[in-house]
Amino acid sequence: MATITQRIQAFLSSPRGRQLADQGRRQLAKPENQQRLRNLFARFQNRSHRR
């Protein structure tokens with residue numbers, strides 16, 4: 001039985017996996033998405049400091 005990491009690696013080396021990875025890279029290159037991620041990370045950091 002394949003481990004989860006082996007299954008992920010197999011998917012990412014498949015044509016569909018490569019296509020999705022490329023699509024993700026293109027989306028992350030956009031400034032508006034980078035700002036959204038910064039805001040999301042800041043919210044998580046603020047939440048963890050409150051505890």
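Residues numbered from 1 in each chain as written. Predicted model: local features only at pLDDT ≥ 70, side-chain atom pairs only at ≥ 80, totals over all residues. Heavy atoms only, no water.

Sorry, what's going on with a nonpolar patch on the surface here?
A cluster of nonpolar side chains, namely Ile 4, Ile 8, Phe 11, Leu 12 and Leu 20, defines an oily patch on the protein surface of about 450 Å² accessible area. The element that contributes the greatest number of residues to the nonpolar patch is helix H1 (residues 4-13), accounting for four residues. The topology assignment puts Leu 20 in helix H2 (residues 15-28). (Patch = residues over 30% accessible without salt bridge, like charges linked within 9 Å, V, L, I, M, F, W, Y side chains within 5 Å. Areas by Shrake-Rupley, 256 points an atom, 1.4 Å probe, with all protein chains shown as cover. Salt bridge = Lys/Arg side-chain N within 4 Å of Asp/Glu carboxyl O. Helix = DSSP H or I, 4+ residues; strand = E, 2+ residues; numbered from the N terminus.)

Quick question: what am I supposed to make of the confidence of the model for the protein here?
It should be kept in mind that the predicted coordinates are not to be read in detail where pLDDT is low. Looking at the protein as a whole, the pLDDT averages 92, with 94% of positions reaching at least 70. When pLDDT is averaged over each helix and strand of the protein, the minimum, 89, is found for helix H3 (residues 31-50) and the maximum, 97, for H2. (pLDDT = per-residue confidence, 0-100.)

Help me understand the environment of Gln 9, please; the structure alone is not making it clear to me.
Positionally, Gln 9 belongs in helix H1. As a C-alpha pair, Gln 9 and Leu 28 span 19 residues in sequence and 21 Å in three-dimensional space.

Would you mind showing me how to read the pattern of salt bridges here?
Where charged atoms of side chains with opposite charge meet at close range, the side chains can pair. The final tally for this structure, using the stated rule, is one salt bridge. The partner of Asp 22 in a salt bridge is Arg 25, and the shortest N-O contact between them spans 2.8 Å. Here Asp 22 pairs with Arg 25, and both are found in helix H2, just three residues apart, close to one helical turn. By relative accessible area, Arg 25 is classed as exposed at 55%. (Buried < 20%, exposed > 50% of the residue type's maximum accessible area, 1.4 Å probe, protein only.)

Got a minute to help me understand the packing of H1 against H2 in this structure?
For any two helices packed against each other, the geometry comes down to the angle between their axes and how far apart the axes lie. Running from N to C, H1 and H2 cross one another at 80°; their axes reach a closest spacing of 4 Å. Regarding the angle of H1 to H2, the classification is roughly perpendicular. Of the residues in H2, those touching H1 at Phe 11, Leu 12 and Ser 13 are Pro 15, Arg 16, Gly 17, Arg 18 and Leu 20. A class-by-class count of the residues in the contact of H1 with H2 yields four nonpolar, two polar and two charged. (Axes fitted to C-alpha atoms, helices over the stretch in contact; angles between N-to-C directions. Parallel < 35°, antiparallel > 145°, perpendicular 65-115°, else oblique. Contact = heavy atoms within 4.5 Å. Nonpolar A, V, L, I, M, F, W, Y, C, P; charged D, E, K, R; others polar.)

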